[in-house]
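# Topology and contacts: notes
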Amino acid sequence: RLAKELTTVSGNIFLVGLMGSGKTTVGRVLAKRLNKRFIDSDHEIEARTGASIPVIFEVEGEASFRRREADIIRELTALDDIVLATGGGAILNADSRALLKQRGTVLYLRASVASLLQRTSHDKNRPLLRVSNQRQRIEELALVRDPLYREVAHLVIDTGRPNVQSLVQAILARLSAASRQPTSSQTILEAVATKSTAASSFSDSMPLPINLVVPLDDRSYPILIGKNLLEDIEQLRRLVPGKRVVVVTNTIVAPLYLEAFSCALSAVGKQVLPIVLPDGEEEKNWHNVMRIFDALLADKCDRKTTLIALGGGVIGDMTGFAAATYMRGVPFVQVPTTLLAQVDSSVGGKTGINHPQGKNMIGAFYQPQAVLADIATLDTLPLRELAAGLAEVIKHGAIIDPMFFNWLETNMAKLVARDPAALAHVIQRSCEIKSDVVRQDERESGLRAILNFGHTFGHAIEAGLGYGKWLHGEAVGCGMVMAADLSWRMGYLSQAENQRIRALVVAAGLPMVAPDLGQQRWLELMEVDKKNEGGQMRFVLLKPLGTALITSVPQELLLQTLSACTQPT
């Protein structure tokens, strides 16, 4: 249906991205689905010269190749109705960037360094990777080229999907959504251009809402990021299923948003039952989940009743757990009102409650029907809560995306000042990162555990001090400092990278010194961790910045980290 819809729209599609991002593979399938002609600029250069790219590099040098490449881009972009896969370095030429942006819809296929390395490590046809340290070379290329890809791109597409067909389907959905916005006289290029700006501009007029998808086959669901979504009747009608809805919130959020949100739901024909719970991490327990069940049963709610979590991570986790278990499962929607919930806890389907002996030890994996992240709710967020959310943002850059980490170092002041475009950007990128990890490992059997970077130490801080004394994000921020220190002691992380993490945590307004709970107490608390196996503690560490691994560590080094990073309470 999407392909049929888009074949009626004129315009070229140009694919840009680093080597190994999938431009040629995706381009062939996309061209077929859209009934367009596919061209690969590198293949065109080889066909015209009769020589391979490596030979041209060797004989003529890179400068000569870049001139040939610019000539080809100038010629090919003048054609009509094509899908063009460009070489990874085509955007280095300013004239080529201008032509690409003017003459078609540019899709930036973005992939993590680890994915690019996996796809290209055995490819002998890439002259720029004929080096001993390919990871370092890819990181260097990414650092230089990512801003240029973003400058020219109308849409950024992450390529971490299970197969080419699902990735192409996602691209078609993005193009279809853009093409439906303008008048019929506009092309896809014009439509996308009016909805997109360069990621580096971060102006107050950054196009919203942002639409993402968590791709889990029949359990896939949308993430909508925008302003004033709590009162957006059209979006609520589209994304909230069922006639009866139960809005679960807390005593802090209810006075701010419950009335207006309930009125908007009523306006689209929903019958609304509010449940207001006490606020705080210490309230994330069985007693309050039972209060949800009591209200549902008293109101005779059935399996078609939708639960809506209106609040932060505590409300989201408890509401999701109640939805997963009431009548063995009812629909629920996440409406996160804190930065931490918007960038992390609302996405991925982890639900649950705390136990006195461990955080989040009772729960279930249960995906929501939708996530609505309203940036306007961050205006009322206390500064301490804002900083707590930034901890999870920093985590995403540290474990997966070093370019994002670099961006955070440059733009942290904007985030602390609540710049709307900067906040929208970090929510979007964090949700992209987390949804891709969840897609690959929904139930945390392996890869997903890397999202717990800093959490082993952080959970111990929360339990050791008593839930609620430190915010979850504060504990995670300090826990990342400790995990980075341990990574350095293990020889995985350079001292410079270790210091960068410490500096960014401080810039976000997070604590970097942990309370001294006593070494024995620390060990006891960390022994109650879901990552542990066979009685052995396991930690998420960095090797290097931007890449995570899960491993056990010598107790001697662990004790050194505890000694170096703690102080008496």
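The structure presented is a predicted model; accordingly, all values stated were derived computationally and were not measured.

## Topic: the pattern of salt bridges
By the definition in use, this model includes 31 salt bridges. We note a salt bridge from D218 to R219, for which the minimum N-O separation is 3.2 Å. Close ionic contact of D401 with R429 constitutes a salt bridge, the shortest N to O distance being 2.8 Å. Linking D401 in the loop between helix 16 (383–399) and helix 17 (402–416) with R429 in helix 18 (residues 420–440), this pair joins segments that are 28 residues apart in sequence. There is no split in this pair, since D401 and R429 are both buried. One salt-bridge network, in which partners are shared between bridges, spans R110, D158, D401, R429 and E432.

## Some remarks on the environment of A323
Inspection of the secondary structure puts A323 in helix 14 (residues 313–325). Through-space distance from the C-alpha of A323 to that of Q367 is 9.8 Å; in sequence the pair is 44 residues apart. The residues touching A323, leaving out its near neighbours within four places in the chain, are L307, G329, V330, F332 and Y366.

## Some remarks on the packing of aromatic side chains
Throughout the structure, instances matching the rule amount to nine aromatic pairs. The interplanar angle of 35 degrees and the centroid separation of 4.9 Å between the aromatic rings of Y108 and Y149 together place this pair among those described as tilted. Of this pair, Y108 sits in strand 4 (residues 104–110) while Y149 sits in helix 8 (residues 134–152), and the two are 41 residues apart along the sequence. The pair Y108 / Y149 is uniform in exposure class, with both members buried. A ring pair is formed by F457 and W522, whose centres lie 6.4 Å apart and whose planes are at 65 degrees; its orientation type is edge-to-face. Of the two residues, F457 is situated in helix 19 (residues 455–465) and W522 in helix 22 (residues 519–527); the sequence distance between them amounts to 65 residues. The residues F457 and W522 share a single accessibility class, namely buried.

## Side note on the sheet that holds strand 8 (residues 244–250)
Sheet strands pair by backbone hydrogen bonding; their relative direction is either parallel or antiparallel. With mixed pairing, seven strands are arranged side by side in an open sheet as 6-7-14-11-10-8-9. A single partner strand is all that each edge strand has here, and the edge strands are strand 6 (210–214) and strand 9 (271–277). The sheet shows a mean angle of 20 degrees between the axes of neighbouring strands, direction not considered. Relative to strand 14 (residues 370–374), strand 7 (residues 221–226) runs parallel, the two being bridged by four bridges. Looking at strand 14, one finds that I223 is bridged to V371. This element, helix 12 (residues 254–267), spans strand 8, strand 9, strand 10 (306–311) and strand 11 (332–336) of the sheet and lies at about 170 degrees to strand 8.

## Re the packing of helix 19 against helix 22
Helix 22 packs onto helix 19 with a crossing angle of 110 degrees between their chain directions and a minimal axis gap of 9 Å. Comparing the axis directions of helix 19 and helix 22 gives the class roughly perpendicular. Two packed elements cross with a definite hand, and for helix 19 against helix 22 that hand is right-handed. Every residue of helix 22 that contacts helix 19 at T456, F457, A460, I461, A463 and G464 is listed here: R521, W522, L525 and M526.

## What to know about the nonpolar core
F457, W522, M526 and L558 are the most contacted members of the largest nonpolar core, which has 81 residues in total. Those residues within four positions of F457 in sequence are excluded, and the remaining contacts are G479, M482, A483, L486, W522, M526, F539, L558, T561 and L562. Among the nonpolar cores identified, the runner-up in size contains 34 residues, and F65, L84, Y108 and A142 belong to it.

Procedures and definitions
Residues numbered from 1 in each chain as written. Predicted model: local features only at pLDDT ≥ 70, side-chain atom pairs only at ≥ 80, totals over all residues. Heavy atoms only, no water. Salt bridge = Lys/Arg side-chain N within 4 Å of Asp/Glu carboxyl O. Helix = DSSP H or I, 4+ residues; strand = E, 2+ residues; numbered from the N terminus. Buried < 20%, exposed > 50% of the residue type's maximum accessible area, 1.4 Å probe, protein only. Contact = heavy atoms within 4.5 Å. Phe/Tyr/Trp six-rings, centres within 6.5 Å; stacked < 30°, edge-to-face > 60°. Pairing = 2+ DSSP bridges. Axes fitted to C-alpha atoms, helices over the stretch in contact; angles between N-to-C directions. Parallel < 35°, antiparallel > 145°, perpendicular 65-115°, else oblique. Left-handed = near helix turned anticlockwise from the far one by under 90°. Core = buried A, V, L, I, M, F, W, Y, C linked by side-chain atoms within 4.5 Å.

Geometric descriptors of this kind do not, in isolation, establish any biological role.
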